[in-house]
Amino acid sequence: MTAATTLTTFTPASAAAPSCGRASWYALTSRTASGERMDPSKLTAAHPRLSFGTKVEVSNPRNGKSVIVRINDRGPFIKGRIIDVSKAAAGHLGMIKAGVAKVCFRVIS
């Protein structure tokens, strides 16, 4: 008897659906998956499937703060995290000290 394998296909609609989960921030200065240099002072983020250039509103339900970021990288690569934001975006969200926070995000454009 063989075990069935379930493959999940992500469509642009499912990738763009509002989502909540854990986020972290990063401040590297290496090249991003889009080819641009990561700038921790810019409002950018990494997401595994959204197209580069997509604008996303990320909010921190704990403190009510939100920020609009542009997807320019791939990630996060840690299980259980849904988005990585730049250090500047983390500052707007009030999550720099904690490093990780529960956030919700939705695609703006």
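Residues numbered from 1 in each chain as written. Predicted model: local features only at pLDDT ≥ 70, side-chain atom pairs only at ≥ 80, totals over all residues. Heavy atoms only, no water.

Strand order in this closed barrel of six strands is β1-β5-β2-β4-β3-β6, and the pairing throughout is mixed. Between one strand axis and the next, the sheet turns through 45° on average, direction left out of account. In the sheet, strand β2 (residues 44-46) pairs with strand β5 (residues 81-86) via two bridges, with the strands oriented antiparallel. Among the inter-strand pairings, A45 is bridged to a residue of β5, identified as V85. (Pairing = 2+ DSSP bridges. Helix = DSSP H or I, 4+ residues; strand = E, 2+ residues; numbered from the N terminus. Axes fitted to C-alpha atoms, helices over the stretch in contact; angles between N-to-C directions.)

Before going further, it helps to spend a moment on the state of the cysteines. A full pass over the atoms with the stated rule returns one disulfide. Between the sulfur of C20 and that of C104 lies a disulfide, 2.0 Å long from S to S. Between C20 and C104 the disulfide shows an S-S torsion of about 105°. By sign, it is right-handed. One end of the pair, C20, is in strand β1 (residues 19-26); the other, C104, is in strand β6 (residues 100-107), and 84 residues separate them in sequence. (Disulfide = S-S within 2.5 Å.)

Once that is clear, we can look at the packing of aromatic side chains. Within the structure shown, the criterion is met by zero aromatic pairs. The lysine or arginine in question, R74, covers the ring of F52, its NZ or CZ lying 4.2 Å from the ring centre. (Phe/Tyr/Trp six-rings, centres within 6.5 Å; stacked < 30°, edge-to-face > 60°. Lys NZ or Arg CZ within 6 Å of the ring centre and 35° of its normal.)

Our next topic: the nonpolar core. V56, V58, V69, I83, V85, M95 and F105 are the most contacted members of the largest nonpolar core, which has 18 residues in total. Non-local contacts of M95, meaning those with residues more than four positions away in its chain, are made with A23, S24, W25, V85, A90, V100 and A101. (Core = buried A, V, L, I, M, F, W, Y, C linked by side-chain atoms within 4.5 Å. Buried < 20%, exposed > 50% of the residue type's maximum accessible area, 1.4 Å probe, protein only. Contact = heavy atoms within 4.5 Å.)

Here the focus is the side chain of D73. With respect to the helices and strands, the residue D73 is situated in strand β4 (residues 65-73). Within the buried set, D73 has no salt-bridge partner at all; the shortest N-O distance to an opposite charge, 7.1 Å, is to R74. At 2.8 Å, the side chain of D73 forms a polar contact with the backbone nitrogen of A33. (Lys, Arg positive; Asp, Glu negative; His and termini not counted. Salt bridge = Lys/Arg side-chain N within 4 Å of Asp/Glu carboxyl O. Polar contact = N/O pair within 3.5 Å; in protein donor to acceptor, adjacent residues only side chain to side chain.)

The general pattern is negative phi for most residues beyond glycine and trans for most peptide bonds. Looking along the chain, the bond that leaves G75 and enters P76 is cis, with omega of -5°. Note on placement: P76 falls in the loop between β4 and β5.

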